[in-house]
Amino acid sequence: MLIQFPAASASRESDVTPEPVYLSRRALMAAGGTLAAGLALPGRAAEGARYPDVEPANGPAWFDEKLSSTQWQAMVAQGEATTPFSDATHYNNFYEFGTDKGDPASQAGSLQTEPWQVVVDGEVGKPGTYDLEALIKPQGFEERIYRLRCVEGWSMVIPWLGFPLAALLKQVEPTGQARFVRFETRVAPEQMPGVRSGFSLVNWPYVEGLRLDEATHPLAFLAVGMYGRVLPNQNGAPLRLVVPWKYGFKSIKSIVRISLTREQPKTTWETIAPEEYGFYANVNPQVDHPRWSQARERRLPGSLFRPNVIPTRLFNGYDEVAGLYSGMDLRTQY
Ligand code: MTE
């Protein structure tokens, strides 16, 4: 699906692609005129050409099949460099594997992501326990380069691969009673040291939720890959949510259950600390976290001595979602 995004999100490909990647793509086009045809290259070859610094990975067969018809750069982040793959995959939050930023990269390899099933239940016409492949089969892949702003004050720019959440919801036919969508992460203590730990604040499973109109907004996305390859485990393989206008904790990883509900779901961070983390969690530089300012963010990578600090934007710069919140007091409904 090609979505017409307003100016806030629009830009040219050359604004955002790291120069070597951009130039290598141009060279490819000049050489054979087949980059447009690059779309017709076998999955692995196309992926190598786009992100030469990224180790190719063995994805499931359905992933490679879809990759060849991906709509690349369906959306980009204006004038902003993509975060290097090594930062996006080694500075993570995934508490099921530990609370240090390096824990997910070192521990999440143990997560078995195949086979994978997703329960769809609640207010839907087509409830069931679906093989991931069956859920994904009707979807076309898009690449979307989104800013990711964590509530902790750091941010990245990540090229995701996947499809709109709205497309999956349409497939399972929400009933007229559905008002919210609730998501749940897998709980596998034997594969997840953070879940086994007796010190965790989290009452597993990790749960997140959206209002149905937020969930069906064209920007809300389900990712199965990033940087032209299958999603690494530490980033939420095999299926994660990406809601770019909200703080990163809404973007729940390794989803095993999607429920359409009448009532607003109780979500993990709002349950742990309701004064600090709300259900909405919209990025907002004017509403500070009780313990720190949200006016600015550290765009990664940066160093201790030269942090790359930039102003934070309302809705993380995705102005097109503002209409979802008209009439709401964003200070009290944070
Ligand atoms: N999902 C689960 N299941 N568990 C988590 O701990 N952390 C969240 C979110 N999704 C988290 C999660 C937070 S706080 C952030 S900032 C993002 O994942 C980080 O995504 P990344 O590691 O891919 O950058």
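Residues numbered from 1 in each chain as written. Predicted model: local features only at pLDDT ≥ 70, side-chain atom pairs only at ≥ 80, totals over all residues. Heavy atoms only, no water.

The protein carries the name Protein-methionine-sulfoxide reductase catalytic subunit MsrP in an unreviewed UniProt entry, which gives Pseudomonas mangiferae as its organism. Database annotation for the protein, UniProt heading Sequence similarities (unreviewed entry): "Belongs to the MsrP family." (UniProt positions renumbered as here; feature names shortened; annotations may be inferred.)

Focus: the sheet that holds strand β11 (residues 255–261)
Judged by pairing direction, the sheet is mixed, and its five strands sit side by side in the order β3-β2-β11-β6-β7 without closing on themselves. At either margin of the open sheet sits one strand with a lone partner, and together these are β3 (128–131) and β7 (207–211). On average, each strand axis in the sheet is inclined to that of its neighbour by 20°, with strand direction left out of account. Relative to β3, strand β2 (residues 117–122) runs antiparallel, the two being bridged by four bridges. (Pairing = 2+ DSSP bridges. Helix = DSSP H or I, 4+ residues; strand = E, 2+ residues; numbered from the N terminus. Axes fitted to C-alpha atoms, helices over the stretch in contact; angles between N-to-C directions.)

Remarks on the UniProt feature "binding site: Mo-molybdopterin" (unreviewed entry) in the protein
Those places that UniProt annotates as "binding site: Mo-molybdopterin" (unreviewed entry) correspond, in this numbering, to Asn 92, Tyr 95, Glu 96, Cys 150, Thr 185, Asn 235, Arg 240, Ser 251, Ile 252 and Lys 253. In the annotated group above, the largest pocket draws its lining from Asn 92, Tyr 95, Glu 96, Cys 150, Thr 185, Asn 235, Arg 240, Ser 251, Ile 252 and Lys 253. Mapped onto the secondary structure, Cys 150 falls in the loop between β4 (142–149) and β5 (154–164). The class of Cys 150 is buried, set by a relative accessible area of 6%. Residues contacting Cys 150, with those up to four places away along its chain left out, are Asn 93, Tyr 247 and Gly 248. As for its placement among the helices and strands, Ser 251 is situated in the loop between β10 (240–242) and β11. Taking relative accessible area as the criterion, Ser 251 reaches 5% and is therefore assigned buried. Among residues more than four places away in sequence, those in contact with Ser 251 are Arg 240, Leu 241, Val 242 and Val 243. Within the structure, Ser 251 has its side chain in polar contact with the backbone nitrogen of Val 243 (distance 3.1 Å). (1 Å grid on protein atoms, 1.4 Å probe; cavity = no way out; pocket = protein on both sides within 12 Å on 5 of 7 lines; lining within 4 Å. Buried < 20%, exposed > 50% of the residue type's maximum accessible area, 1.4 Å probe, protein only. Contact = heavy atoms within 4.5 Å. Polar contact = N/O pair within 3.5 Å; in protein donor to acceptor, adjacent residues only side chain to side chain.)

A word on the packing of aromatic side chains
For the coordinates displayed, the defined rule picks out 15 aromatic pairs. Look at Phe 63 and Phe 141: their rings are 5.6 Å apart centre to centre, the planes differ by 55°, and that puts the pair in the tilted class. In this pair, Phe 63 sits in helix α4 (residues 61–67) while Phe 141 sits in the loop between α7 (132–136) and β4, placing the two residues 78 residues apart along the sequence. Since its relative accessible area comes to 1%, Phe 63 is described here as buried. (Phe/Tyr/Trp six-rings, centres within 6.5 Å; stacked < 30°, edge-to-face > 60°.)

Let's talk about the environment of Arg 296
The topology assignment puts Arg 296 in strand β12 (residues 296–299). A residue is classified by how much of its surface remains accessible, and Arg 296, at 49% relative accessible area, is partly exposed. On a C-alpha basis, the gap between Arg 296 and Val 309 in space is 6.6 Å, while along the polypeptide they are 13 residues apart. In this structure Arg 296 touches Arg 149, Gly 153, Val 309, Ile 310, Pro 311 and Thr 312, once residues within four positions along its chain are discounted.

Notes on the site of the ligand
What surrounds the ligand is a group of 17 residues, the closest being Asn 92, Tyr 95, Glu 96, Arg 240 and Lys 253. One of the side-chain nitrogen or oxygen atoms of Asn 92 is found 2.8 Å away from an oxygen atom of the ligand. Within the side chain of Asn 235, one N or O atom sits 3.0 Å away from an oxygen atom of the ligand. Coverage of the ligand by the protein amounts to 98% of the 530 Å² it exposes when considered alone. Among the detected pockets, the ligand sits in the largest pocket. (Near = heavy atom within 4 Å. Areas by Shrake-Rupley, 256 points an atom, 1.4 Å probe, with all protein chains shown as cover. Sits in = over half its atoms within 2 Å of the grid points.)

A closer look at helix α8 (residues 165–172)
The complete set of buried residues in α8 reads Leu 165, Leu 168, Leu 169 and Val 172. All buried residues of α8 project into a common sector of 100° when viewed along the axis, lining one side. (Arc of directions from axis to C-beta.)

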